[in-house]
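Residue-level listing of the chains:
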Amino acid sequence: MELKVDKLTKKYSRGEKEFFAVDNISFSLDKGEFVAVIGPSGCGKSTLFSMIAGLVKPDSGTVEMNGESLLKLSKDEFSHLRNTKIGYILQGQNLMQNFTVLENICLPLYLGKDRNTDRAYELIETLGLKELMNSYPASLSGGEQRRVSIARSLAHNPELIIADEPTSNLDPENAKLITEVFMKECKDGKSVLMSSHNLELVANTDRQLKILNGKLIN
Amino acid sequence: MNNNRKLMSIFGIAKRNISNRKIRSGIMIAFVFILASSLYISSLLINSMNLGLEKTIGRIGADLIVVPQEYENNMRSSLFLGECSTFYTDRSYMDKVAETEGIQQMTPQLYIASLEAECCGLPTQIIAFDPETDFIVTPWLQDINKKEINYGEVIVGNGVVADVGSTIKFFDIDFPVVGKLENTQTGYDYCVFMRFDTSKIILESERFKSLVDSTIDPDNVISAIMIKAKNGANLNTMASRITYTYKIPVKAFTTNGMFSAISDNLDNLTSFSSILVTISFILAVLALICIFTITINERQHEFGVLISLGATQKQLVLIIVLEAVMIGLIGGVLAVIISAVASFIFNNAITSALEIPYLDNSPSDLIPLILKTLLIAIGSSILASLYSAIRIGRAEPITLIKGDE
């Protein structure tokens, strides 16, 4: 999978003031590459990720995946893309409280046409969730919940993984485990775009992109 | 590890949302239940009254009914509800009535109420008829393969507690029961029928004379004259003529006219019930809209998560509508089951409290009512969910993801 982001821009207004959440950002991501996006809170990392995943419409710029422009896709086509080729990990706790760990992990499969659960069970083993499979999120620790959330975004075997601060507020052991999972995914040919404040973990990535006030700083 | 678990569908997701949010779902189901059960019960009562009235009018088989003045209510209650009543007038008035143009057949009837006393087996409306001229009761006998009844014998309506071959006691006299009529679901089901000459046995008995009327002339009394008009005869003109021309103390009614008061009351009741059902429909839908709006608002982030995992907004709308369908269906089914069971168990209490001949619990009439109730229950729930569903369907994905942050 190759991702190409070109002059991506998003402007928001706060009261009467307008500001650039993402200002003319361009970069590319190759197949099997693990790239970290770093920068202070509110610098535009989440907006950038949301635009790549089709959750926010940019004001200008282009996003291409394997040479195909994503911004031409309809809402439903983008949904299909997220359900097949993109694994998106949202910031914070995002598990569905009414569903067990296993059901949470299988959610992308429930929503799409791919009904093969083999990879979901594989991820449950890899992320050490086997004993918790039938538990509900309320009974899990923060680290366990985050591991479930990551397993869920990988269950449909996406080509591009976008992880918005997947290791925030995690103990070093859990943070390390998650980074290792992403590194393994990259070895398997997937591309990972991850934002993080943890510089120790970021050091394990292939490349770092630094954003400040919506702008990419080299 | 067992990898062969059946995967959940969109329906399964909606079902889980209902089953795991018990309080919210319970409140919504309760609103649908109140709406559906009030609709079911009021429709059941009105349908039963309408059908009872139609059946009574159909069963009478006469075009005109002539009754002593001021006794039309007794006659009406006796025919519609099977309420007991004794009233009579002079038989000689029949000759005057017979002069009326347009009469094809006419026959007298005598109404005697048995008493709730030791002398009588049970309080029942006794109707005596004249086998020579009768065109009302005789056809019913044919329905039970009986050509005639003899002097001293009685036949009983389907609701009378007496079996064929047993006897039934009126004013200390035992009468053999020789037939039981088919169930008609009218007041006639609670009446006992005998010939005029048999009724004389009662009228001449010491018990009747001491308890009811000692001055009665058994050969010269009738309670009503049932008239069948010729084809094309103007029934209203005939009724007016009988009532006003002959200067005799009787009043003639067309059969429909006899029950017009009940029919008018029924129309009022139908309008009143429609208003009540409409109000409860609006209140239930408004309450459901509020609950849907509040809970769907709280669940925006949940829908945002589903979008991030690849759900289309159509799927989100489908989840909300399916939840509404399930709430409507559960509320509707509960309302139908509880209302139906209550109407079966409290059948007698309801019919006597509301003065209707019977509750129409026949499957052929209940099935359309059940379907109508379920349809309105589900429809109101879907209607209430539409605003929230459309809002979620049109929202920007990022707005949903940020939802309750």
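What counts, and where the lines are drawn
Residues numbered from 1 in each chain as written. Chains lettered and ligands numbered in written order. Predicted model: local features only at pLDDT ≥ 70, side-chain atom pairs only at ≥ 80, totals over all residues. Heavy atoms only, no water. Helix = DSSP H or I, 4+ residues; strand = E, 2+ residues; numbered from the N terminus. Rg over C-alpha atoms; globule rule 2.2 N^0.38 Å. Buried < 20%, exposed > 50% of the residue type's maximum accessible area, 1.4 Å probe, protein only. Contact = heavy atoms within 4.5 Å. Lys, Arg positive; Asp, Glu negative; His and termini not counted. Charge placed at Lys NZ, Arg CZ, Asp CG, Glu CD. Polar contact = N/O pair within 3.5 Å; in protein donor to acceptor, adjacent residues only side chain to side chain. Phe/Tyr/Trp six-rings, centres within 6.5 Å; stacked < 30°, edge-to-face > 60°. Core = buried A, V, L, I, M, F, W, Y, C linked by side-chain atoms within 4.5 Å. Salt bridge = Lys/Arg side-chain N within 4 Å of Asp/Glu carboxyl O. Pairing = 2+ DSSP bridges. Axes fitted to C-alpha atoms, helices over the stretch in contact; angles between N-to-C directions. Domains from an automatic or database assignment. Buried area = accessible area lost by both parts, 1.4 Å probe. Parallel < 35°, antiparallel > 145°, perpendicular 65-115°, else oblique. Left-handed = near helix turned anticlockwise from the far one by under 90°. Nonpolar A, V, L, I, M, F, W, Y, C, P; charged D, E, K, R; others polar.

Asker: In this structure, what is going on with the overall build of chain B? I would like to understand it.
Answerer: The helix and strand inventory of chain B stands at 15 helices and eleven strands. Relative to the compact-globule value of 22 Å for 405 residues, chain B shows a C-alpha radius of gyration of 31 Å, a clear excess of over 25%. Each of the three principal axes of chain B carries a C-alpha extent, and together these read 95 × 50 × 35 Å. A total of 405 residues make up chain B; the buried ones form 52% of that total. Partitioning the contacts of chain B with sequence separation of at least 6, the portion at a separation of at least 24 is 78%. Counting 31 positive and 39 negative side-chain charges, chain B places the centres of these two groups 14 Å from one another.

Asker: Help me out: how do you make sense of the side chain of Asn361(B) in this one?
Answerer: All names here are of chain B. Among the structural elements, Asn361 can be located in the loop between helix H13 (347-354) and helix H14 (363-394). By relative accessible area, which is 11% here, Asn361 ends up buried. Within the structure, the side chain of Asn361 is placed 3.4 Å from the side chain of Ser343, a separation counted as a polar contact. Discounting residues that sit within four places of it in the chain, Asn361 has contacts with Leu44, Ser343, Phe344, Asn347 and Leu366.

Asker: So what exactly am I meant to see when it comes to the packing of aromatic side chains here?
Answerer: Centre distance and the angle of the planes are the two values used to describe a pair of aromatic rings. All names here are of chain B. Counted by the stated rule, this structure contains nine aromatic pairs over all chains. Arranged with centres 6.1 Å apart and planes meeting at 40°, the rings of Phe170 and Phe175 form a pair that is tilted. Residue classification places Phe170 among the buried positions, given a relative accessible area of 0%. Taking relative accessible area as the criterion, Phe175 reaches 1% and is therefore assigned buried. Ring centres of Phe171 and Phe208 lie 5.2 Å apart, and the angle between their planes is 75°; this geometry places the pair in the edge-to-face category. Of the two residues, Phe171 is situated in the loop between strand E6 (167-170) and strand E7 (173-180) and Phe208 in helix H7 (residues 206-211); the sequence distance between them amounts to 37 residues. For Phe171, a relative accessible area of 1% gives the class buried.

Asker: Looking at this model, I keep getting lost on the nonpolar core. Mind explaining?
Answerer: Nonpolar side chains tend to gather and get buried jointly when the protein is soluble and globular. Counting 105 residues, the largest nonpolar core has Leu3(A), Ile52(A) and Phe182(A) as the members making the most contacts within it. The contacts of Leu3(A), once residues within four sequence positions are left out, are Phe27(A), Ser28(A), Leu29(A), Ile52(A), Val63(A), Glu64(A), Leu160(A) and Leu193(A).

Asker: What is the right way to read the pattern of salt bridges from this model?
Answerer: Pairing between side chains becomes possible if they bear opposite charge and their charged atoms approach one another. Residue and element names in this part refer to chain B. Tallying each qualifying case throughout the model produces 19 salt bridges over all chains. Residue Lys251 pairs with Glu72 through a salt bridge whose shortest N-O separation is 3.5 Å. Placement of Lys251 in strand E11 (residues 250-254) and of Glu72 in helix H3 (residues 72-81) is noted, with a sequence separation of 179 residues between them. The exposure class assigned to Lys251 is partly exposed, which follows from its relative accessible area of 28%. Several salt bridges converge on common partners, so that one network encompasses Arg21, Arg24, Arg299, Glu302 and Glu323.

Asker: Explain helix H11 (residues 300-308) of chain B here, please?
Answerer: Since the α-helix packs 3.6 residues into each turn, any two residues three or four apart lie on the same face. Residue and element names in this part refer to chain B. The element H11 is largely enclosed, with a buried count of nine among its nine residues. Residues Gln300, His301, Glu302, Phe303, Gly304, Val305, Leu306, Ile307 and Ser308 constitute the buried set of H11. Phi turns positive, to about 110°, at Gly310, one or two residues after H11.

Asker: Would you mind going over unusual backbone geometry with me for this structure?
Answerer: Leaving glycine out, the prevailing phi sign among residues is negative, and the prevailing peptide bond configuration is trans. Positive phi, close to 50°, is recorded for Lys7(A), a residue that is not glycine. Of note in the backbone geometry, Asp172(B) takes a positive phi value of approximately 70° without being a glycine. Inspection of the secondary structure puts Asp172(B) in the loop between E6 and E7. Take Asp172(B): its relative accessible area is 40%, and that puts it in the partly exposed class.

Asker: Is there a simple way to think about the sheet that holds strand E6 (residues 86-89) of chain A in this case?
Answerer: Sheet strands pair by backbone hydrogen bonding; their relative direction is either parallel or antiparallel. All names here are of chain A. If you walk across this open sheet you meet the six strands as E6-E7-E8-E3-E9-E10, and the pairing is mixed. Among the strands making up the open sheet, the edge pair consists of E6 and strand E10 (215-217). Neighbour-to-neighbour, the strand axes of the sheet open up by a mean angle of 20°, direction not taken into account. Here strand E3 (residues 34-38) runs beside strand E9 (residues 207-212); their pairing, made up of four bridges, is parallel. Paired with Val37 across the strands is Leu209, a residue of E9. Packed on one face of the sheet, helix H6 (residues 172-187) meets E3, E6, strand E7 (160-164) and strand E8 (191-195) and runs near 135° to E3.

Asker: Got a minute to help me understand the domain arrangement of chain B in this structure?
Answerer: Residue and element names in this part refer to chain B. With domains assigned, chain B is organised as domain 1 (2-54 + 263-402) and domain 2 (64-232). The gap between the C-alpha centroids of domain 1 and domain 2 is 49 Å. Contacts between the two partners involve seven residues from domain 1 and, on the opposite side, six residues from domain 2. With both sides pooled, the region where domain 1 packs onto domain 2 buries about 600 Å², and carbon together with sulfur makes up 66% of that total. Counting across the interface, domain 1 meets domain 2 through zero salt bridges.

Asker: Just to check I follow, could you spell out the interface of chain A and chain B for this structure?
Answerer: As a measure of interface size, the accessible area lost when the parts come together is often cited. With 34 residues of chain A at the contact, the number on the chain B side is 32 residues. Summing both partners gives a buried area of about 3000 Å² for chain A against chain B, and 59% of it is carried by carbon and sulfur. Applying the counting rule to chain A against chain B returns two salt bridges. Arg16(B) is paired through a salt bridge with Glu103(A); the nearest N and O atoms lie 2.4 Å apart. Summed over the shared surface of chain A and chain B, the result is twelve residue pairs in polar contact (both at pLDDT 80 or more). Among the secondary structure elements, those contributing two or more residues to the side of chain A that touches chain B are helix H2 (75-84), helix H3 (101-111) and helix H4 (118-126) of chain A.

Asker: Hey, could you run me through the packing of helix H2 (residues 22-60) of chain B against helix H12 (residues 313-345) of chain B in this one?
Answerer: Between two packed helices, what matters for the description is the angle formed by their axes and the separation of those axes. All names here are of chain B. Taken N-terminus to C-terminus, the directions of H2 and H12 make an angle of 45°; their axes are 7 Å apart at the nearest point. By the angle class used here, H2 and H12 are oblique. Crossing handedness for the pair H2 and H12: right-handed. Considered class by class, the residues forming the contact of H2 with H12 number 15 nonpolar, six polar and two charged.

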